[in-house]
Every structure is written in structure tokens, then in C-alpha cells.
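# Notes for the structure review
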Amino acid sequence: MSDAVHEFDCLVFIGRFQPPHLGHLAVINQALRQARQVIVLVGSAWQARSLRNPWRFDERQEMLRSCFDEEENARLEIVPLLDALYNDDVWVRDVQRKVRDIAGHHHARLPRIGLIGASRGQSSYYLSLFPQWESVSVPLVDGISASQIRERLFRSPSSTEDYLSTGATHDLPPGVCETLRDFSGSDAHQQLMEEQRLLEQYRQAWGNAPYPPIFVTVNAVVVQSGHVLLVRRTAAPGKGLLALPGGFINPHERLLDACLRELRERVRLKVPEPVLKGSLRGQRLFDEPHRSWRGRTLAEAFYFALRPDQQLPRLKPVKGGDHARWVPLAELEPDSLFEDHFFIIQNFLGLPADFGGI
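Position labels on residues start from 1 in each chain and follow its written sequence. For this predicted model, a pLDDT threshold of at least 70 governs which residues receive local features, and a threshold of 80 or more governs which side-chain atom pairs are given and counted, while totals over whole chains, interfaces and linings are taken from all residues. Side-chain numbers here rest on the full set of heavy atoms in the structure, without hydrogens or water.

Before going further, it helps to spend a moment on the overall build of the protein chain. A run of H or I in DSSP becomes a helix once it reaches four residues, and a run of E becomes a strand once it reaches two; helices and strands are each numbered from the N terminus. Looking only at helices and strands, one finds 12 helices and 12 strands in the protein chain. For a compact globule of 358 residues, the expected C-alpha radius of gyration is about 21 Å, and the protein chain comes in at 23 Å, within 12% of that figure. Expressed as a percentage of its 358 residues, the buried residues of the protein chain come to 49%. Working rule for contacts: check all heavy atoms of both residues, and any pair within 4.5 Å makes them a contact. Taking all contacts inside the protein chain whose residues are at least 6 apart in sequence as the whole, residues at least 24 apart take part in 71%. Values of accessible area rely on a 1.4 Å probe in the Shrake-Rupley scheme; residue burial ignores everything except the protein chains shown. Summing over all exposed atoms, the protein chain offers an accessible surface of approximately 17,900 Å²; the carbon and sulfur share of this is 50%. Taking the average location of the 42 positive side-chain charges in the protein chain and that of its 44 negative ones, the two points are 8 Å from each other. With C-alpha atoms as the basis for the radius of gyration, the globule rule is written as 2.2 Å multiplied by the number of residues raised to the power 0.38. Exposure classes here rest on a 1.4 Å probe applied to the protein chains alone. A residue is buried below 20% of its type maximum, exposed above 50%, and partly exposed in between. Charge counting follows a simple rule: Lys and Arg are positive, Asp and Glu are negative, and His as well as the terminal groups are ignored. To locate a charge, take atom NZ for lysine, CZ for arginine, CG for aspartate or CD for glutamate.

Rendered as C-alpha cells:
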């Protein structure tokens with residue numbers, strides 16, 4: 001197809017594709033009809049596996065490419081996009097740079113670029129972040145919900161098998177179904193099913209509450225000499241991932257007191273409390289609605305910058321608790337940290353958003 005018949009030089013489609021479904025396919029097919037080149041930006045790249053983000057970028061890229069023929073794939077650029085949950089400017093800059101580098105100039109003129117999406121999914125909020133691009137709306141494919149697909153895939157082995165053998169054809173392209181069948185026998189699938197069981201127990205425990213519960217937690221960002229204090233989670237959710245020390249507040253406890261208590265009880269940090277209080281450099285509420293698998297969970301984080309020293313403070317192991325360690329900042333990777341803890345650290349320390357060759 002020649003360039004002359006294309007209305008746009010480039011159309012951009014942003015999504016998480018967890019997993020890619022027929023609604024996504026409808027948008028991309030429309031984009032291929034209208035644009036010489038289509039850029040698919042895959043969000044939540046380099047995130048640890050979770051019920052909300054079960055598949056890594058390379059798995060989602062493979063599923064997306066399985067939906068198109070060779071000519072279509074040649075016009076598709078599928079690019080990872082790292083979230084910046086608490087800094088829209090960082091995220092917008094990342095999107096702008098990726099599109100600029102891929103679209104470039106077309107025959108010595110500025111390319112005509114549009115942002116495409118389903119009518120309900122393409123929020124006015126997103127559009128307001130990219131006023132320099134035109135908006136293209138595609139009718140929504142009714143009856144498809146990515147969250148419901150994920151729930152059926154991780155509820156139980158029988159639910160997974162039943163859905164992929166009978167119900168998935170109404171939601172998912174054949175290539176995606178095939179990939180998900182292979183994934184269903186993996187250790188990652190087993191761990192996600194365990195997390196789904198815990199989530200169901202959580203929902204049942206709060207099922208009779210008059211209102212959906214809102215939880216309040218605290219986290220400590222303790223930094224010294226280029227290291228940050230983290231714990232290794234020993235149980236689901238997020239088993240094996242690194243996390244900031246913290247936990248739920250007690251009913252009659254101030255937030256800072258709760259944070260100091262967690263450092264004292266959970267990691268036995270050998271730093272006197274007056275020194276910790278004197279090292280407090282900032283605090284912030286982190287409230288992204290989907291930040292936690294438990295539901296609406298607010299986290300108040302406190303940033304402690306300890307004085308540089310040749311020796312890092314000692315940590316005393318807690319019997320039956322998570323294992324604490326000092327981690328060099330250079331070793332932090334988004335996919336090794338629990339929930340939004342990487343972004344909490346990034347917020348206080350100003351870490352760059354360039355990871356994994358982004």
C-alpha cells in the first residue's frame with residue numbers, strides 16, 4: 001500500500017495489553033488502515049509479575065506480533081514503556097521521545113502524528129497530555145474486559161483450561177490463546193494462581209463491610225552511601241521480590257511512629273531513633289489507585305538520608321520475618337521490586353527512568 005493512501009504518517013496506540021485481546025486488535029487494524037506506520041507503546045514494561053501485570057514485555061510483544069502478517073508487522077513498531085506513576089512529566093517525555101525517534105521526518109517535512117484508541121479507553125486526560133497530536137477514536141468492542149480475562153485465567157487450573165478451550169475465542173486472537181496455553185503450565189502461572197486465591201480470601205474477609213475498605217500503610221526509604229534498605233519478601237503476594245520496609249499502621253499510632261516501629265521490629269535497624277528522626281529528609285503520600293493487589297491502599301513513605309560512612313548500619317535478622325539487606329542503587333531494577341516501590345524510591349532520589357535499554 002503506497003504512502004499516498006494513508007491519512008497519517010504515524011498513529012500511536014498506548015496500552016498495557018495484559019493480555020492483547022480483540023478490542024486491542026480492532027484499534028491496531030484501524031491504525032494500519034489509516035497510517036503508514038503504527039507505534040504500539042506497551043506500558044508497565046519491566047514490572048514484576050503480578051495479577052494486574054502477569055506478562056512481561058517480550059511475552060506481550062510476541063502475542064501482539066502473532067496477530068499480524070509479515071507486511072503488517074513490518075509497519076508495526078512495538079516498544080516498551082516504563083511507568084512513571086507519580087510523575088506525569090517524566091512519562092510524557094518518554095512517550096514523546098520514543099515517538100520522535102521512531103517517526104522522524106517524512107520527506108523533509110514534519111510527520112502527521114495521531115493518538116488512536118477505543119472511544120471509552122482513550123481518556124480526555126491522556127489527550128490533554130499530548131495536544132500536539134491529533135486524536136483518532138475507534139468504536140469500543142463491547143463485552144471484553146482484560147481484568148475479567150485475567151481473573152478467569154488465574155482463578156484455578158480448571159478455570160484456566162475451560163476458558164482457553166471454550167470461552168477465549170470471543171475475547172482473544174488465536175495466537176494469543178496459544179501463548180497463554182503454554183504459559184498456563186509455568187511456575188509463574190502457579191504463583192499467580194496462589195496470589196489470586198489470597199485475593200479472593202481478602203475479598204471475602206471484607207465482603208460484609210458497608211463500604212469498600214481503604215487501607216493505610218507506611219514505608220521507609222532509608223539511604224546511606226549509595227545503598228537503600230530493602231527486604232526480600234518470603235510469601236505471596238510478591239514472593240521473592242524486594243520491597244521497602246513497612247506495613248500497616250496500628251489504630252492509635254501516628255504515621256511516623258508506625259514507620260519507625262516497622263524499622264525497629266521488621267529489620268532491627270541498628271540506628272538510634274533520634275538519629276533516624278534527624279535524618280528525615282522528606283515524606284509523601286503515594287496513592288495510585290491500582291498500586292496494591294489488596295485494593296485501595298494508601299502508602300505514606302518517609303525518606304531518611306543517613307550520613308555517609310564506611311560501614312553500613314547493621315541489620316539483625318528477625319525470626320520468621322523478611323530478610324533485610326542493603327542494596328546498591330545501581331542494582332535497582334523495576335522488575336525486582338514489589339508493587340510501586342521502585343517508583344517510590346525514584347520519587348525521592350530522582351533516579352533516571354532509563355532501564356533495560358529503553
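Attention shifts here to unusual backbone geometry. The omega torsion across Q18 and P19 is -5°, close enough to zero to call that bond cis. Mapped onto the elements, P19 comes out in the loop between β1 (8–15) and α1 (22–34). Here A236 and P237 are connected by a cis peptide whose omega angle stands at 0°. With phi around 55°, S44 is a residue other than glycine that occupies positive phi space. Position of S44 among the secondary structure elements: in the loop between β2 (35–42) and α2 (57–65). Taking the relative accessible area as the measure of exposure, S44 reaches 4% and is therefore buried. Within the chain, R268 stands out as a residue other than glycine whose phi angle is a positive 50°. By secondary structure assignment, the location of R268 is in the loop between α10 (255–266) and α11 (273–278).

Turning our eyes to something else, we now look at the pattern of salt bridges. Think of a salt bridge as a Lys or Arg side-chain nitrogen and an Asp or Glu carboxyl oxygen that are within 4 Å of each other. Here the structure, examined in full by the defined rule, presents 16 salt bridges. Taking the shortest distance from any N to any O, the salt bridge between E134 and R112 comes out at 2.6 Å. You can see E134 sitting in strand β5 (residues 134–138) and its partner R112 sitting in the loop between α4 (88–103) and β4 (113–118), a full 22 residues away along the chain. We classify E134 as partly exposed; its relative accessible area is 35%. Its relative accessible area of 31% is what places R112 among the partly exposed residues. Note that E339 and R294 form a salt bridge whose closest N and O atoms lie 4.0 Å from each other. One end of the pair, E339, is in the loop between β12 (323–328) and α12 (341–349); the other, R294, is in the loop between β10 (280–286) and β11 (297–305), with 45 residues separating them in the sequence. Looking at E339, the relative accessible area reads 17%, which means it is buried. If you follow the salt bridges from partner to partner, you end up with E253, R261, E262, E265 and R266 in one network.

As a further point, take the pairing of strand β6 (residues 215–224). Burial analysis of β6 places nine of its 10 residues in the buried class, which makes it a mostly covered element. Paired strands, in this sense, are two strands between which DSSP finds at least two bridges. When β6 meets strand β7 (residues 227–232), the two strands line up antiparallel, connected through two bridges. Its bridge partner being in β7, V223 is matched across the sheet by V228. The turn linking β6 back onto β7 is made up of two residues, and S225 within it adopts a positive phi angle of 50°.

Moving on, we get to the sheet that holds β1. In a beta sheet, neighbouring strands are held together by backbone hydrogen bonds and run either parallel or antiparallel to one another. Reading across from one edge, β3-β2-β1-β4-β5 is the order of the five strands in this open sheet, with parallel pairing throughout. Strands with a single pairing partner mark the edges of an open sheet, and in this sheet they are β3 (76–80) and β5. In this sheet, neighbouring strand axes are inclined to one another by 25° on average, regardless of whether the strands run parallel or antiparallel. Sheet analysis places β4 next to β5, joined by five bridges and oriented parallel. The residue bridging A118 from the neighbouring strand is V138, located in β5. The strands touched by α1 are β1, β2, β3, β4 and β5; relative to β2, the strand with the most contacts, the crossing angle is about 150°. Sheet strands touched by α4: β1, β2, β3 and β4. Its angle to β2, the strand with the most contacts, is close to 145°. For helices, the axis comes from a line fit to the C-alpha atoms of the stretch in contact; other axes are also lines fit to C-alpha atoms, and the angle between any two N-to-C directions lies between 0 and 180 degrees.

The next subject is the packing of α2 against helix α8 (residues 174–183). Two elements in contact, α2 and α8, have axes separated by 8 Å at closest approach and are oriented at 145°. Contact residues: α2 offers E59, E62 and M63, while α8 offers V176, T179, L180 and F183. When its residues are assigned to classes, the contact of α2 with α8 shows four nonpolar, one polar and two charged. Put simply, Ala, Val, Leu, Ile, Met, Phe, Trp, Tyr, Cys and Pro go in the nonpolar bin, Asp, Glu, Lys and Arg in the charged bin, and everything else, Gly too, in the polar bin.

For the rest of this paragraph, the subject is the nonpolar core. Counting 66 residues, the largest nonpolar core has V40, V222, L263, L269 and F304 as its most contacted members. The biggest single contributor to this core is α1, with five residues. Sequence-distant contacts of V222, that is, excluding residues within four places in its chain, are made with H227, V228, L229, L263, L269, F304, L306 and W326. Among the buried residues, those of types Ala, Val, Leu, Ile, Met, Phe, Trp, Tyr and Cys that are joined through side-chain atoms within 4.5 Å form a nonpolar core.

Before going further, it helps to examine the side chain of H6. Here H6 lies in the segment before β1. With a relative accessible area of 10%, H6 lands in the buried category. Polar contacts involving the side chain of H6 include one to the side chain of R75, which spans 3.5 Å. Distance and chemistry together define a polar contact, namely a pair of N or O atoms within 3.5 Å, with one atom able to donate a hydrogen and the other to accept it when in protein, and with adjacent residues in sequence counting only for side-chain atoms on both sides.

These results come straight from atomic positions and should not be treated as a statement about function.
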